[in-house]
There are 2 protein chains.
Amino acid sequence: MMQKSTARISAATLARRLGPESPAGTGPAYRQLAHRIRSAVLDGRLAVTSGLPSERDLAVGLRISRTTVAAAYSLLRDEGWLDSRRGSGSRLRLPDSRGASGASGTSGASIGLGPAGLLGYPGSTGDEIDLSVASLPAPAGLIEQLAALAVEDLPAYAAGGGYAPFGLPVLRQAIADHYSAAGLPTKADQILVTSGGQHAFTLALQELSVPGDRVMIECPTYPVALDAIRAARRIPGPVGLPGPGQIGDTTAPWDADLIAATMRQTAPRLAYLIPDFQNPTGALMDEATRRRIVDAARASNTILLVDETFRDVPFPGHPALPPRMGSFDDGQRVLTLGSLSKSVWGGLRIGWVRGAPAVINRLAAARSLADMSGPVLEQLMAAHLLADPVAVLDQQSRRMADGAALLTAELADIRPEWQVSRPQGGAFLWVALPGPFATELARAAHAVGVLITPGPRFGPDGTMESYLRLPFTEPADRLVTGVRRLSAIADRAAATAGRLSDVPGWLT
Amino acid sequence: MMQKSTARISAATLARRLGPESPAGTGPAYRQLAHRIRSAVLDGRLAVTSGLPSERDLAVGLRISRTTVAAAYSLLRDEGWLDSRRGSGSRLRLPDSRGASGASGTSGASIGLGPAGLLGYPGSTGDEIDLSVASLPAPAGLIEQLAALAVEDLPAYAAGGGYAPFGLPVLRQAIADHYSAAGLPTKADQILVTSGGQHAFTLALQELSVPGDRVMIECPTYPVALDAIRAARRIPGPVGLPGPGQIGDTTAPWDADLIAATMRQTAPRLAYLIPDFQNPTGALMDEATRRRIVDAARASNTILLVDETFRDVPFPGHPALPPRMGSFDDGQRVLTLGSLSKSVWGGLRIGWVRGAPAVINRLAAARSLADMSGPVLEQLMAAHLLADPVAVLDQQSRRMADGAALLTAELADIRPEWQVSRPQGGAFLWVALPGPFATELARAAHAVGVLITPGPRFGPDGTMESYLRLPFTEPADRLVTGVRRLSAIADRAAATAGRLSDVPGWLT
């Protein structure tokens, strides 16, 4: 159950993460403090294995008596939420009874949806409304048009063997030009073409780290990346993004102090970040934080895997985006992961890594062993698309924005008590439910033909039971039908989850 | 240098593998025996870590005096070719001086061509003649025609998200039907579509074994598979295929006794076999051996990864092939790997795994983490191709056969002393040179613009220096030019290699 330690957080950081005291707080002060700490863990604001400040420091930081802090820690320890060892302070943990409760709706165990829900339904009849995956339909006629253009280029390629482990030169150049045009000068030898963005991620993960290495992740983060980290036997080291109090604030939810401290103290081999319309929160990292994290990575010798999958689909009218993290890099510190799967179509399996040529060469060698090379026609289509991408990306951005507006309005109408993020791009709303019943809701939703991904899937520790990610990429009618079905079962799911989690001391 | 032990071979097997005594043999009998054993290792007929029979058994088996065997073993031990430990008999090894000789042309070290030569020349000007990769050009107009058919199907798919981690249902069914039509009844849920055959192999390798597990391989075998095994930190356990004496005999070079004994004694987790037009020898496994190996795998709890990449391109007029190994399986013992990359075109990245649905589900889960899904258009093209594959496969088979005839005739003309295999299908000749200079030849060939893969790339131990794989898939003019360039530099390469390997006792 327990992971190796993550960073010890300061009293100031902990105070910030706990948020304001609940005005409705009742009972002794120490119970209220214990409750706030537990809630922060359940919401994902605090990583499960965070080291807590000393009683003395926290008392000073919160301006309360040391006796209150000591009593709160003692209660948490008795309930199994805190691990204290002489000389090494106190660390948060999940109580064993939580894991042992088995069928509990709030245990945070996977409910078997598989990665992003894709695998649970190999024999899907198409009746389900799949709100577990974000994937826009392709623009009408686009793939056909790209195929026609690519076919014209084919004869020169079909006469050859068809292998190109780095990607076709014409596509590497087109991707490099796409970066250069956006203000980040890039040459073709800095690009490795992959079979989608996840392929780019796993290649870098496998080649640049070894089992047992620590990989810093945002919490919440992209579940498939998290699954790949665990499957590769690397250790995910979460840094929390803010919780419900700040869910509407999508411009600066990264705590640069905490991230820098975590990198300094744990020296992760890799860090996986999604600075542009973060998955699932939709947040956008500001320029100062980007710069700060690249500096911290340099100091801790960490390689940053920066996922820019959604960068190309900001909503129309959005102000200019902060510079790409790669622009703060002096060479080999940042690997940028890109893809057409999210911004254009998931059925077009074209992704890439941008990095220093020496690193690209390493990744290409690994790639060549894994699947040799990518499909030629597909790469030619992507090269044509990237030669003139603006109209297509604009069209997809508008569809994303329309979907976001529709879903936001629908939820405000039928579930005004659900707090939702206000993204300026990307494909998801991040929803804070009024209680920890996301897993139970996902389970019940399955029974009414809706697939959703509950909060615990977005972190390594089984927390975030009060959260839900809802993509807005489905056609309007299906989207509305899907959330109405969810709404219809939500109250019962909340009640069921409440009964199942009726363990003394947990949710006081 | 040393690997963990492989099987101890019997005196009868060793006698068979040593081949007949050289009629020109000179010097004392014990030196001749030592020489024959060393040559068998250098040629790859004996795995480097084979355990030798006792002196007494070998003396009986070869009908020579035990004193001669004892003296030969003693010489080999003194020269560093044999490791003897009380109670555990004698095992072959490579002498340390061999590794320590560093720049030696016969050291068997990789010369940096990278996997299959694909990576050494990312900036290839196209002037090189690449005889390191076997890849036919696509049939004229085929890819265009398939693209046109696939585009007609697109609208139904482009409206969806595009993800299908198991492969598009229409393609899974087409692949299943392809097996069923060939006599091996198969359902769609037994098929996972992958990005080519190597992707199928690495998925199975990663998912069905863990680092440190033994993977039995043929020696020689497909270099990229071997590289992937080592990159994944599995231990390749070679079983030798016969050497030069039998190079023309391409129907039964597998030693079923040795393979069964190796599986029994080492219980490898996986075994990778290429029974149909083996890469690189071109050999075809007979029915009895197939049946025997599946039985042995059942007994040792080994999963067989059977690569049928070349099965669909037997030369015209070849008699019926033995049944697929999967037809002897009772369920979960055999995973069959297939691909269109070799039989149709390398630029069409469509491969697959056929196996029990429970195993396919596991592989799909792993695949979903690694690269999510395959490209839609490409899969639709493959489905159309497999709906009526006969004309295309016949055309490619004829081109393979024509290439084989041309290359065989050309070599007989300019290098009659090179022994060549006589394959009935596949894409390669396996060439036995008149001496151990393959690595030096590859090095010199690079300088004259020809890429070839020397024997040591096909095994884990740096042996097979007297062998060379030559594909016959290049266009006729380039093929002829390539081998003429090779021939022109061969004598000098042999002389250079001879000087470099002038280490007392090695090549007496």
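Just so it is clear, the structure is predicted and the values come from calculations on it, not from any experiment. (Residues numbered from 1 in each chain as written. Chains lettered and ligands numbered in written order. Predicted model: local features only at pLDDT ≥ 70, side-chain atom pairs only at ≥ 80, totals over all residues. Heavy atoms only, no water.)

Remarks on the overall build of chain A
And step 1. Looking only at helices and strands, one finds 16 helices and 15 strands in chain A.
And step 2. Going through the 508 residues of chain A one by one, you find that 64% of them count as buried.
And step 3. Of the contacts formed within chain A by residues at least 6 apart in sequence, a portion of 75% connects residues at least 24 apart.
And step 4. In the form shown here, chain A has an accessible surface area of approximately 18,000 Å², with 53% of it arising from carbon and sulfur atoms. (Helix = DSSP H or I, 4+ residues; strand = E, 2+ residues; numbered from the N terminus. Buried < 20%, exposed > 50% of the residue type's maximum accessible area, 1.4 Å probe, protein only. Contact = heavy atoms within 4.5 Å. Areas by Shrake-Rupley, 256 points an atom, 1.4 Å probe, with all protein chains shown as cover.)

Section: the pairing of strand β7 (residues 235-240) of chain A
All names here are of chain A.
And step 1. Buried residues dominate β7, accounting for five of its six residues.
And step 2. Direction of pairing for strand β6 (residues 214-219) relative to β7: parallel, over a ladder of six bridges. Pairing of R214 across the sheet is with I235, part of β7.
And step 3. In terms of handedness, the path from β6 via helix α9 (residues 223-231) over to β7 forms a crossover that is right-handed. (Pairing = 2+ DSSP bridges. Right-handed = clockwise from strand over helix to strand, strands pointing away.)

Considering the packing of helix α7 (residues 169-181) of chain A against helix α13 (residues 376-387) of chain A
Residues and elements named next belong to chain A.
And step 1. As a packed pair, α7 and α13 sit with axes 9 Å apart at the nearest point and diverge in direction by 30°. The orientation of α7 with respect to α13, classified from their angle, is roughly parallel. As for how α7 packs across α13, the hand of that crossing is left-handed. Residue-level contacts link V170, L171, A174, I175 and H178 of α7 to Q379, L380, A382, A383 and L386 of α13.
And step 2. Residues belonging to the contact of α7 with α13 are distributed by class as follows: eight nonpolar, two polar and no charged. (Axes fitted to C-alpha atoms, helices over the stretch in contact; angles between N-to-C directions. Parallel < 35°, antiparallel > 145°, perpendicular 65-115°, else oblique. Left-handed = near helix turned anticlockwise from the far one by under 90°. Nonpolar A, V, L, I, M, F, W, Y, C, P; charged D, E, K, R; others polar.)

Side note on the relation of the copies chain B and chain A
And step 1. Superposing chain B onto chain A requires a rotation of 180° together with a translation of 0.1 Å along the rotation axis, leaving an RMSD of 0.2 Å. Viewed as a symmetry operation, the transformation between the two copies matches a two-fold axis.
And step 2. When you check the interface residues of chain B against chain A, 100% turn up at the interface there too, and the contact is symmetric in its surfaces. (Least-squares fit on C-alpha atoms with pLDDT ≥ 70 in both.)

A short note on the sheet that holds strand β1 (residues 51-52) of chain A
Residue and element names in this part refer to chain A.
And step 1. Ordered in space as β1-β3-β2, the three strands form an open sheet in which the pairing is antiparallel. Single-partner strands in this sheet number two, and they are β1 and β2 (82-85).
And step 2. Two strands pair when backbone bridges link them, and β2 and strand β3 (residues 89-92) are joined in this way by four bridges, in the antiparallel orientation. The residue of β3 that forms the bridge with D83 is R91.

Quick look at the environment of V170 of chain B
All names here are of chain B.
And step 1. On the secondary structure map, V170 appears in helix α7 (residues 169-181).
And step 2. With relative accessibility at 38%, the residue V170 sits in the partly exposed group.
And step 3. Considering only alpha carbons, one finds V170 and Q379, 209 residues apart in sequence, at a separation of 8.6 Å.
And step 4. Setting aside residues up to four positions removed in sequence, V170 forms contacts with Y157, L380 and A383.

A word on the environment of E417 of chain B
Residue and element names in this part refer to chain B.
And step 1. Positionally, E417 belongs in the loop between α14 (390-414) and β11 (419-420).
And step 2. Residue class for E417 comes out partly exposed when judged on its relative accessible area of 38%.
And step 3. Each C-alpha atom, one on E417 and one on P434, is 6.8 Å from the other, the two residues being 17 residues apart in sequence.
And step 4. Apart from residues lying up to four places away in sequence, E417 is in contact with A432 and P434.
And step 5. Side chain to side chain, E417 and R415 meet in a polar contact 2.8 Å long. (Polar contact = N/O pair within 3.5 Å; in protein donor to acceptor, adjacent residues only side chain to side chain.)

Some remarks on the pattern of salt bridges
And step 1. Scanning the entire structure with this criterion turns up 35 salt bridges over all chains.
And step 2. A salt bridge links R291 of chain A to E287 of chain A; its shortest N-O distance comes to 3.0 Å. Of this pair, R291 of chain A and E287 of chain A both sit in helix α11 (residues 287-300), four residues apart, which is roughly one turn of that helix.
And step 3. Looking at R291 of chain A, the relative accessible area reads 42%, which means it is partly exposed.
And step 4. We note a salt bridge from R16 of chain B to D255 of chain B, for which the minimum N-O separation is 2.8 Å. With a gap of 239 residues between them, R16 of chain B in helix α1 (residues 11-18) and D255 of chain B in the loop between β6 (235-240) and α10 (256-266) connect regions that are remote in the sequence.
And step 5. Given the relative accessible area of 9%, D255 of chain B is considered buried.
And step 6. Here the salt bridges share partners, and the residues they tie into one network are D276, R290 and R311 of chain A. (Salt bridge = Lys/Arg side-chain N within 4 Å of Asp/Glu carboxyl O.)

So, the sheet that holds strand β10 (residues 351-354) of chain B
Residues and elements named next belong to chain B.
And step 1. Strand order in this open sheet of seven strands is β4-β10-β9-β8-β7-β5-β6, and the pairing throughout is mixed. Of all the strands in the sheet, just β4 (191-194) and β6 have a single pairing partner and so form its edges. Strand after strand, the sheet turns through a mean of 20° between neighbouring axes, direction not considered.
And step 2. α7 contacts β4, β9 (334-339) and β10 of the sheet and is inclined by roughly 115° relative to β4.

Points about α7 of chain A
All names here are of chain A.
And step 1. Across its 13 residues, α7 extends 18 Å between first and last C-alpha, which sits within 8% of the 18 Å expected from 1.5 Å per residue.
And step 2. For α7, the set of buried residues is L171, R172, A174, I175, A176, H178 and Y179.
And step 3. Downstream of α7 by one or two residues, G183 has phi in the positive range, about 100°. (Expected span 1.5 Å × (residues − 1).)

Some points on the packing of aromatic side chains
Residue and element names in this part refer to chain A.
And step 1. Summed over the entire model, instances satisfying the criterion amount to 10 aromatic pairs over all chains.
And step 2. Note on W430 and F458: the rings are 5.2 Å apart at their centroids and 75° apart in plane angle, and the pair reads as edge-to-face. Placement of W430 in strand β13 (residues 428-432) and of F458 in the loop between β14 (450-454) and β15 (467-471) is noted, with a sequence separation of 28 residues between them. In terms of burial, W430 and F458 fall into one category: buried.
And step 3. Each member of the aromatic cluster is reached from another via a ring pair, and the members are W430, F458 and Y467.
And step 4. Sitting over the face of the ring of Y179, R354 holds its NZ or CZ atom 5.6 Å from the ring centroid. (Phe/Tyr/Trp six-rings, centres within 6.5 Å; stacked < 30°, edge-to-face > 60°. Lys NZ or Arg CZ within 6 Å of the ring centre and 35° of its normal.)

What to know about the interface of chain B and chain A
And step 1. Taken together, the contact between chain B and chain A spans 55 residues of the former and 55 residues of the latter.
And step 2. Between chain B and chain A lies a buried interface of about 4,300 Å² when both sides are counted; carbon and sulfur atoms form 69% of it.
And step 3. The interface formed by chain B and chain A includes zero salt bridges.
And step 4. At the junction of chain B and chain A, the tally comes to 16 residue pairs in polar contact (both at pLDDT 80 or more). (Buried area = accessible area lost by both parts, 1.4 Å probe.)

Some remarks on helix α6 (residues 142-158) of chain B
And step 1. Taking 1.5 Å per residue, 17 residues should reach 24 Å; α6 of chain B reaches 23 Å between its end C-alpha atoms and fits that length.
And step 2. Where α6 of chain B bends most, at E152 of chain B, the angle is about 40°, and the proline P155 of chain B comes one to four residues later. (Bend = angle between axes of the 7 residues up to and from the residue.)

Details of the side chain of Q379 of chain A
All names here are of chain A.
And step 1. Within the secondary structure layout, Q379 lies in helix α13.
And step 2. Polar side-chain contacts of Q379 include one of 3.1 Å to the backbone oxygen of G374.
And step 3. Excluding residues that lie within four positions of it along the chain, Q379 makes contacts with G167, L168, L171, V193, I350 and G374.

Quick look at the pairing of β13 of chain A
Residues and elements named next belong to chain A.
And step 1. Burial analysis of β13 places five of its five residues in the buried class, which makes it a mostly covered element.
And step 2. Of the two faces of β13, the one lined by F428, W430 and A432 and the one lined by L429 and V431 are each fully buried.
And step 3. Pairing of strand β12 (residues 419-420) with β13 involves two bridges; the strand directions are antiparallel. The residue bridging Q419 from the neighbouring strand is A432, located in β13.
And step 4. Examined bridge by bridge, β13 and β15 share five bridges and lie antiparallel to one another. From the neighbouring strand, W430 faces β15, where its bridge partner is R469.

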